[in-house]
Amino acid sequence: QKEVEQDPGPLSVPEGAIVSLNCTYSNSAFQYFMWYRQYSRKGPELLMYTYSSGNKEDGRFTAQVDKSSKYISLFIRDSQPSDSATYLCAMWIPNAGKSTFGDGTTLTVKP
Amino acid sequence: DTAVSQTPKYLVTQMGNDKSIKCEQNLGHDTMYWYKQDSKKFLKIMFSYNNKELIINETVPNRFSPKSPDKAHLNLHINSLELGDSAVYFCASSTETDTQYFGPGTRLTVL
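What counts, and at which threshold
Residues numbered from 1 in each chain as written. Chains lettered and ligands numbered in written order. Predicted model: local features only at pLDDT ≥ 70, side-chain atom pairs only at ≥ 80, totals over all residues. Heavy atoms only, no water. Pairing = 2+ DSSP bridges. Helix = DSSP H or I, 4+ residues; strand = E, 2+ residues; numbered from the N terminus. Axes fitted to C-alpha atoms, helices over the stretch in contact; angles between N-to-C directions. Contact = heavy atoms within 4.5 Å. Buried area = accessible area lost by both parts, 1.4 Å probe. Salt bridge = Lys/Arg side-chain N within 4 Å of Asp/Glu carboxyl O. Nonpolar A, V, L, I, M, F, W, Y, C, P; charged D, E, K, R; others polar. Disulfide = S-S within 2.5 Å. Buried < 20%, exposed > 50% of the residue type's maximum accessible area, 1.4 Å probe, protein only. Phe/Tyr/Trp six-rings, centres within 6.5 Å; stacked < 30°, edge-to-face > 60°.

Caption draft 1: Summary view of the sheet that holds strand β3 (residues 19-25) of chain B. Residues and elements named next belong to chain B. In space, the four strands of this open sheet follow the order β1-β3-β8-β7, with antiparallel pairing throughout. Since the sheet does not close on itself, it has two edges, and those belong to β1 (4-7) and β7 (64-70), each with one partner. The mean angle between the axes of side-by-side strands here comes to 20 degrees, regardless of whether they run parallel or antiparallel. Pairing of β7 with strand β8 (residues 73-78) involves five bridges; the strand directions are antiparallel.

Caption draft 2: Main features of the sheet that holds strand β7 (residues 61-66) of chain A. Residue and element names in this part refer to chain A. Strand order in this open sheet of five strands is β1-β3-β8-β7-β6, and the pairing throughout is antiparallel. The strands lining the two open edges of the sheet, one partner per strand, are β1 (4-6) and β6 (54-58). Put simply, the sheet's adjacent strands are angled 15 degrees from each other on average, direction ignored. Here β1 runs beside strand β3 (residues 19-25); their pairing, made up of three bridges, is antiparallel. Its bridge partner lying in β3, Gln 6 is registered against Cys 23.

Caption draft 3: Up close: the interface of chain A and chain B. Every contact between the two is made by 18 residues of chain A and, on the other side, 21 residues of chain B. Both faces combined, the contact of chain A with chain B buries some 1700 Å², and carbon together with sulfur accounts for 55% of it. At the boundary of chain A with chain B, the tally comes to one salt bridge. Measuring nitrogen to oxygen at the nearest pair gives 3.1 Å for the salt bridge that ties Lys 98 of chain A to Glu 58 of chain B. Secondary-structure elements contributing two or more residues to the side of chain A that touches chain B are β4 (32-38), β5 (45-50) and β10 (99-101) of chain A. By residue class, the composition of the side of chain A that touches chain B is nine nonpolar, five polar and four charged.

Caption draft 4: Molecular detail of the state of the cysteines. If you walk through the whole model with that rule in mind, you get two disulfides over all chains. Disulfide partner of Cys 23 of chain A: Cys 89 of chain A, at an S-S distance of 2.0 Å. Between Cys 23 of chain A and Cys 89 of chain A the sulfur-sulfur dihedral comes to about -100 degrees; the bridge is accordingly left-handed. Highlighted residues: Cys 23 of chain A in strand β3 and Cys 89 of chain A in strand β9 (residues 85-92), separated in sequence by 66 residues. Note on accessibility: Cys 23 of chain A and Cys 89 of chain A belong to one class, buried. Paired by a disulfide, Cys 23 of chain B and Cys 91 of chain B hold their sulfur atoms 1.8 Å apart. With the S-S dihedral at roughly -75 degrees, the linkage between Cys 23 of chain B and Cys 91 of chain B falls on the left-handed side. In this pair, Cys 23 of chain B sits in strand β3 while Cys 91 of chain B sits in strand β9 (residues 87-94), placing the two residues 68 residues apart along the sequence. Under the relative-accessibility criterion, Cys 91 of chain B is labelled buried at 0%.

Caption draft 5: A look at the packing of aromatic side chains. Residue and element names in this part refer to chain B. In this structure the tally under the stated criterion is 13 aromatic pairs over all chains. Seen from their ring centres, Tyr 33 and Tyr 35 are 5.7 Å apart, and the 35 degrees between their planes marks the pair as tilted. Judged by centre distance (5.4 Å) and plane angle (45 degrees), the ring pair of Tyr 35 and Phe 102 falls under tilted. In this pair, Tyr 35 is assigned in strand β4 (residues 31-37) and Phe 102 in strand β10 (residues 100-102), connecting sequence segments 67 residues apart.

Caption draft 6: Local environment of the environment of Tyr 10 of chain B. Following the sequence through the fold, Tyr 10 of chain B ends up in strand β2 (residues 10-13). If we skip the residues at most four places from it in the chain, Tyr 10 of chain B touches Arg 41 of chain A together with Arg 107 of chain B.

This is the structure we're talking about:
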């Protein structure tokens, strides 16, 4: 079993929809949780970063962490065609030397 | 003022050849990575360096040899290229809490 499991997708939604992207993990030692966005033929870019359980909001994006359930989500409100990309969750244990990435969910927002 | 840069962007070569990819970061980070992303978009870590020292080698064939002349550079040399090496290779550097900054990628095609 992988340490990080990400909803595989692909996901296709109409413009304006609320999108939920999800990852579960098995290692309770993970302490930092990240979401990266990767546009086609580009490198991943950091979108959200959080440490504690709860919600963190940045514009239309909300990152949610539930450490008790080992579950993280990224919500996108009022989704736009420009949000069409692959979203990767990532988790980090301090001093582990690397993050563990999910396999990514590809999102398409249709106008 | 690019944060993480890679050269070349595209690399097309014959099986059996040897090639190198260069990476430079100007963010002052101590940690750098090489990742391989296959056609299914799975991002797999290959190597991690911290202050020029190899920290992680994720069971990568020894045809792949990273070299870090200083902490701002991490190059990847590949010997005896095989068809299965075709992929996009990303370099990244990271902060102390492993939020990562990726380069634009090098698309390697082995014929």
